[in-house]
Amino acid sequence: MKISRGLLRWGLVPALLQLSACAGEGPQAQTPQGETRGGGRETPAQILARHEPGARFRSEGETYVILQDARAVSRGALQASPAQALSGVGATPGQVLGTKGRYVMYRDAGIAPFASTPQVQAVNEQPVYSVVLNERTGQYAVVTGTLTVKLHDMGTADALAREHGVSVEVLFGHLGYAVYAAGAGQDLLALADTLRADERTASVTINVLEHVPVPH
């Protein structure tokens, strides 16, 4: 992901990451959810009652709950159809909960529950991602397996990655941010806590894709 430094401004890091996750998508990249048969809206508690909840965590001022019976698969850089993406993990369109950018979220109660903490796992050798519910908005979202870290010194970005078993996704040099991708099976909550305890970091955010920006 290449970002022109002239286009970066303070506060735009999360938005730029979301645009990257949604690249190639149109206005229909996010599907509606939570409507009852009568046309009303379900409450977050009603939606959560249909799922198997796991850990709770905070990101960007919101509280999210892991849904252990749900997961998401990426359509990939070639923008496979949702059905094609699902077939790779043994799922069908009837299991779909919705989409977020390039991710297709689906319910999978037919196998062992997904991890109770956010992490990237594998199904049929395909990476699958944690799905969460926003306790305030009642919206489904995808934990993308990345963390945005504010560094005191950008010169430590590579060493930090090596020592914590993550890979560098993108660097926002003059803003002092690094985005790291967690390894398969890494618990993002534990990883975030470990990174926060590292004296080289100023802040750590687990990236969650909930609101899909539509390019103009």
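An account of the accompanying structure is given in this report. Just so we're clear, the structure is a prediction, and the values are computed from it rather than from any experiment.

Details of helix H5 (residues 188-196)
And then number 1: Looking at H5, one finds that the buried residues are Leu188, Leu189, Leu191, Ala192 and Leu195. For H5, the arc enclosing every buried residue in end-on projection is 165°, short of the 170-degree limit, so these residues lie on one face.
And then number 2: Those residues of H5 hidden inside the fold are in contact with strand S1 (53-59), strand S7 (140-151), helix H4 (157-164) and strand S10 (201-209).
And then number 3: Capping the start of H5 is the job of one residue whose side-chain oxygen sits 2.9 Å from the backbone nitrogen of Leu189: Asp187.

Focus on the pattern of salt bridges
Side chains carrying opposite charge are able to pair once their charged atoms draw close together.
And then number 1: Under the definition given, this model contains seven salt bridges.
And then number 2: Residue Glu62 is joined to Arg136 by a salt bridge in which the shortest nitrogen-to-oxygen separation is 2.5 Å. Of this pair, Glu62 sits in strand S2 (residues 62-74) while Arg136 is found in the loop between strand S6 (126-134) and S7, placing the two residues 74 residues apart along the sequence.
And then number 3: Given a relative accessible area of 15%, Glu62 falls into the buried group.
And then number 4: Across the pair Arg200 and Asp198 runs a salt bridge, and its minimum N-O distance is 2.7 Å.
And then number 5: The exposure class of Asp198 is buried, given its relative accessible area of 11%.
And then number 6: One network of salt bridges, with partners in common, ties together Glu163, Asp198 and Arg200.

Structural notes on the side chain of Asn134
And then number 1: Among the structural elements, Asn134 can be located in strand S6.
And then number 2: Since its relative accessible area comes to 0%, Asn134 is described here as buried.
And then number 3: Within polar-contact distance, the side chain of Asn134 engages the backbone nitrogen of Thr137 at 3.1 Å.
And then number 4: Beyond its immediate stretch of four places on either side in the chain, Asn134 contacts Pro44, Glu62, Thr63, Tyr64, Gln139 and Glu210.

Examining the packing of aromatic side chains
And then number 1: In the structure shown here, the tally under the stated rule is two aromatic pairs.
And then number 2: Ring plane angle 35° and centroid distance 6.0 Å describe the contact between Phe57 and Tyr64, whose orientation is recorded as tilted. Pair check on accessibility: Phe57 and Tyr64 agree, each one buried.
And then number 3: Considering the side-chain rings of Tyr103 and Tyr129, the 5.2 Å spacing of their centres and the 75° angle between planes classify their relative orientation as edge-to-face. Here the residue Tyr103 occupies a position in strand S4 (residues 103-107), and Tyr129 occupies one in strand S6, the gap between them amounting to 26 residues.
And then number 4: According to the relative accessible area criterion, Tyr103 is buried, its value standing at 6%.
And then number 5: When the ring centre of Tyr177 is taken as reference, the NZ or CZ atom of Lys150 above it lies at 5.0 Å.

Reading guide: rules and limits
- Residues numbered from 1 in each chain as written.
- Predicted model: local features only at pLDDT ≥ 70, side-chain atom pairs only at ≥ 80, totals over all residues.
- Heavy atoms only, no water.
- Buried < 20%, exposed > 50% of the residue type's maximum accessible area, 1.4 Å probe, protein only.
- Helix = DSSP H or I, 4+ residues; strand = E, 2+ residues; numbered from the N terminus.
- Arc of directions from axis to C-beta.
- Contact = heavy atoms within 4.5 Å.
- Polar contact = N/O pair within 3.5 Å; in protein donor to acceptor, adjacent residues only side chain to side chain.
- Salt bridge = Lys/Arg side-chain N within 4 Å of Asp/Glu carboxyl O.
- Phe/Tyr/Trp six-rings, centres within 6.5 Å; stacked < 30°, edge-to-face > 60°.
- Lys NZ or Arg CZ within 6 Å of the ring centre and 35° of its normal.

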